[in-house]
Amino acid sequence: MRLQDKVAIITGAAGGIGLTATEVFAREGAKVAMADFNVEQGEEQVRELRQAGYEVTFFQVNVADRQSVDEMVDKVLAAYGKIDILINNAGITRDAMLSKLSVEDFEAVLDVNLTGVFHCTQAVLPAMIANGRGRIINTSSVSGVYGNVGQTNYAATKAGIVGMTKTWAKELGRKGINVNAVAPGFIETGMTAKVPEKVLAQMMQMVPLARLGKPEDIANAYLFLASDESNYVNGTVLHVDGGIMM
Ligand code: CAA
Ligand code: NAI
């Protein structure tokens, strides 16, 4: 197994890509702390995953709130004693054309997608440094690299993730911590389900593989970057988008 006895925090694990990543990591022997805002869905998923024999626990968190993040990290350490892997996967969209985008929606997306990643990473750092090793994996997006109509706020955060990833890779490498990002294209989850059908059809014309990606496609990229197979990979942005960015 590729993650035997590793402790992984996955944020946004109650649904979508984070939930699939939880299953993939647990199947590879990891103990997974599923950290999400949505208690009801998170606890239901934990029950099902435990019935399947996986070592998973739900921790409620709002990644945008520093106190909530600190409490979550303390609880994970109390339960498992260490943190080997952090997957900063939680994210939201509030799409609108620039002319119609409210300040509230601009800030809400920054708070979760950008400040939330800063909070979670800073909060796990002492445990990873004490351990002498760690893996931090951030989630960017094709929107952050390429831009996307209607996503001023979201694209800003996902471009910001690239800057933070490369900065942390430089700061933390000598402490044994690898920091990388995955930049998904359009993936079949609740997030893309909100996109008008006509817009989605337009987007598919940009994808050489001519289809949406599946949550497994991203979960497998997270797995590679969390496993020993990527020991010498640091500061990279892995595009998993069917060939949009090349
Ligand atoms: N390029 C250029 N102009 C565009 C356009 C495009 N792709 N889409 C719309 N416009 C123009 C329209 O022609 C229209 O122009 P006029 O006012 O001159 O007629 C104007 O923009 C407004 O268009 P709408 O009436 O459609 O605007 P709206 O306010 O009703 O909706 C929207 C705008 C919210 C952005 C909606 O189109 C939408 O939801 N688009 C999808 C956004 C998107 O791609 N989100 C990705 C979600 S998945 C995700 O985020 C994951 C990831 O990381 C990729
Ligand atoms: P999703 O909407 O299916 O799941 C997101 C999860 O994050 C939900 O369980 C939600 O409860 C949780 N969450 C939201 N706000 C939170 C908060 N403040 N604190 C804690 N948890 C919170 O989204 P999806 O598609 O699984 O996205 C996962 C990540 O992948 C996000 O960062 C997203 O931006 C990114 N991404 C998704 C793409 C797609 O096409 N689906 C493409 C590119 C990137």
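Rules used in this analysis
Residues numbered from 1 in each chain as written. Chains lettered and ligands numbered in written order. Predicted model: local features only at pLDDT ≥ 70, side-chain atom pairs only at ≥ 80, totals over all residues. Heavy atoms only, no water. UniProt positions renumbered as here; feature names shortened; annotations may be inferred. Helix = DSSP H or I, 4+ residues; strand = E, 2+ residues; numbered from the N terminus. Near = heavy atom within 4 Å. Polar contact = N/O pair within 3.5 Å; in protein donor to acceptor, adjacent residues only side chain to side chain. Areas by Shrake-Rupley, 256 points an atom, 1.4 Å probe, with all protein chains shown as cover. Nonpolar A, V, L, I, M, F, W, Y, C, P; charged D, E, K, R; others polar. Buried < 20%, exposed > 50% of the residue type's maximum accessible area, 1.4 Å probe, protein only. Pairing = 2+ DSSP bridges. Right-handed = clockwise from strand over helix to strand, strands pointing away. Phe/Tyr/Trp six-rings, centres within 6.5 Å; stacked < 30°, edge-to-face > 60°. Lys NZ or Arg CZ within 6 Å of the ring centre and 35° of its normal.

Is there a simple way to explain the UniProt feature "domain: Ketoreductase" (unreviewed entry) in the protein chain in this structure?
Per the UniProt entry, the sites bearing "domain: Ketoreductase" (unreviewed entry) are residues 6-185 in this numbering. Its end C-alpha atoms 28 Å apart, residues 6-185 is made of 53% helix and 19% strand.

What is the right way to read the site of ligand 1 from this model?
The environment of ligand 1 is formed by 18 residues, the closest being Asp95, Ser141, Gln151, Tyr154 and Met203. Residue asparagine 148 places a side-chain N or O atom 2.9 Å away from an oxygen atom belonging to ligand 1. Coverage of ligand 1 by the protein chains reaches 55% of its 1,100 Å² of free accessible surface. Mapped onto the shell around ligand 1, the elements with two or more residues apiece are helix 7 (190-193) and helix 8 (197-204).

Before we go on, may I ask you to explain the site of ligand 2 in this structure?
Lining the immediate surroundings of ligand 2 are 29 residues, of which Asp36, Asn89, Tyr154, Ile187 and Thr189 lie closest. A distance of 3.3 Å is found between a nitrogen atom of ligand 2 and a backbone nitrogen or oxygen belonging to phenylalanine 37. Taking asparagine 62, its side chain carries an N or O atom lying 2.9 Å from a nitrogen atom of ligand 2. Here ligand 2 has 830 Å² of accessible area as a free molecule, and 89% of this is covered by the chains. Looking at the shell around ligand 2, the elements that each hand over two or more residues are helix 1 (16-27), helix 6 (152-172) and helix 7. The element contributing the most residues to the shell around ligand 2 is helix 7, with three residues. Of the residues belonging to the shell around ligand 2, the class tally is 13 nonpolar, 14 polar and two charged.

Would you mind showing me how to read the pairing of strand 2 (residues 31-36) here?
On a regular strand, each side chain points to the face opposite its neighbour's, so the side chains alternate between the two faces of the sheet. Extensive coverage of strand 2 is indicated by the burial of five of its six residues. Note that strand 2 and strand 3 (residues 56-60) share five bridges and pair parallel. Within strand 3, the position partnered with methionine 34 by the bridge is phenylalanine 58. Handedness of the strand 2-helix 2 (residues 39-51)-strand 3 crossover: right-handed.

Would you explain the packing of aromatic side chains in this entry?
For any pair of aromatic rings, the description consists of the separation of the ring centres together with the inter-plane angle of the planes. Tallied over the full model, the rule gives zero aromatic pairs. Lying across the ring of phenylalanine 118, arginine 66 places its NZ or CZ 5.9 Å from the centre.

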